[in-house]
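Now for the letters of each chain:
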Amino acid sequence: MACSRMMWATRAATYLRISVPFTLRVRGFSSVLKDLKYADSHEWVKVDGISATIGITDHAQDHLGDVVYVELPEVGASISQGSSFGAVESVKATSDVYSPVSGKVIEVNEELNSSPGLINASPYENGWIIKVEMSDKDETNKLMDSDQYSKFCEEEDAKH
């Protein structure tokens, strides 16, 4: 129970941009959701017909640390699978964000302009980055499912 309260407090502090001493940060394993597809560059995609919602994974945000800025593309921009469409800046580093699918940006998460910490607090729900009208739904077949992605992360972490 104390562990879950500590995680909640850390998430709340991240969302509110309050610094939390490193010794208080308690993290278990990163969460991976079953109904999503994953890229090896640590982006997730949720497909609904020809529409796709894209964000960075819990694993990615955990490694980045507190997100302080998100560079968003313009609505209407064309993106290609594997190409960068924006960036996420944290207290540790700036990382490009790559699209797991090709298509046209139909919506961006404007909330991230004022609350970039949503990516840390809720990477799969409130911290989504863009929505895309996919040009080739079959591209999702090249992505990992949740079990494959979990194994990929374990192997990647074991190298470090």
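Right above here is the structure, for reference.
In this report, the structure presented in the accompanying data block is examined. Being a predicted model, the structure only gives us computed values, none of them experimental. (Residues numbered from 1 in each chain as written. Predicted model: local features only at pLDDT ≥ 70, side-chain atom pairs only at ≥ 80, totals over all residues. Heavy atoms only, no water.)

## Re the sheet that holds strand 7 (residues 94-98)
For clarity, the cut-off: When DSSP finds two or more bridges between a pair of strands, those strands are recorded as paired. Under the scheme used here, helices are H or I runs from DSSP no shorter than 4 residues and strands are E runs no shorter than 2 residues, and both carry numbers assigned from the N terminus. Helix axes are fitted to C-alpha atoms over the stretch in contact, other axes to C-alpha atoms as well, and angles between N-to-C directions run from 0 to 180 degrees.
The strand order across the open sheet built from three strands is 4-6-7, with neighbouring strands paired in antiparallel fashion. Strands at the two margins of the open sheet, each flanked by one partner only, are strand 4 (67-71) and strand 7. Strand-to-strand twist of the sheet, defined as the mean angle between neighbouring strand axes without regard to direction, takes the value 25°.

## Let's talk about the environment of V91
With respect to the secondary-structure elements, V91 resides in the loop between strand 6 (84-90) and strand 7. As a C-alpha pair, V91 and L64 span 27 residues in sequence and 7.7 Å in three-dimensional space.

## Observations regarding the packing of aromatic side chains
The description of two aromatic rings rests on the distance between their centres and on the angle between their planes. So the rule is basically this: Note on ring pairs: Phe, Tyr and Trp rings are taken, using the six-membered ring of Trp, and paired if centres are within 6.5 Å. Classes follow the plane angle, with under 30 degrees stacked, over 60 edge-to-face and the rest tilted. Each residue gets one of three labels from its accessible area relative to the maximum for its type: buried under 20%, exposed over 50%, partly exposed in between, using a 1.4 Å probe on protein chains only.
Applying the stated criterion to the full structure yields three aromatic pairs. Ring centres 5.9 Å apart and planes at 55° place the aromatic pair W44 and Y124 in the tilted group. Residue W44 is found in strand 2 (residues 43-48), and its partner Y124 is found in the loop between helix 4 (118-121) and strand 9 (130-134); the two are separated by 80 residues along the sequence. Per residue, the accessibility class of W44 equals that of Y124, and both read buried.

None of the figures reported here should be taken as evidence of function without further support.
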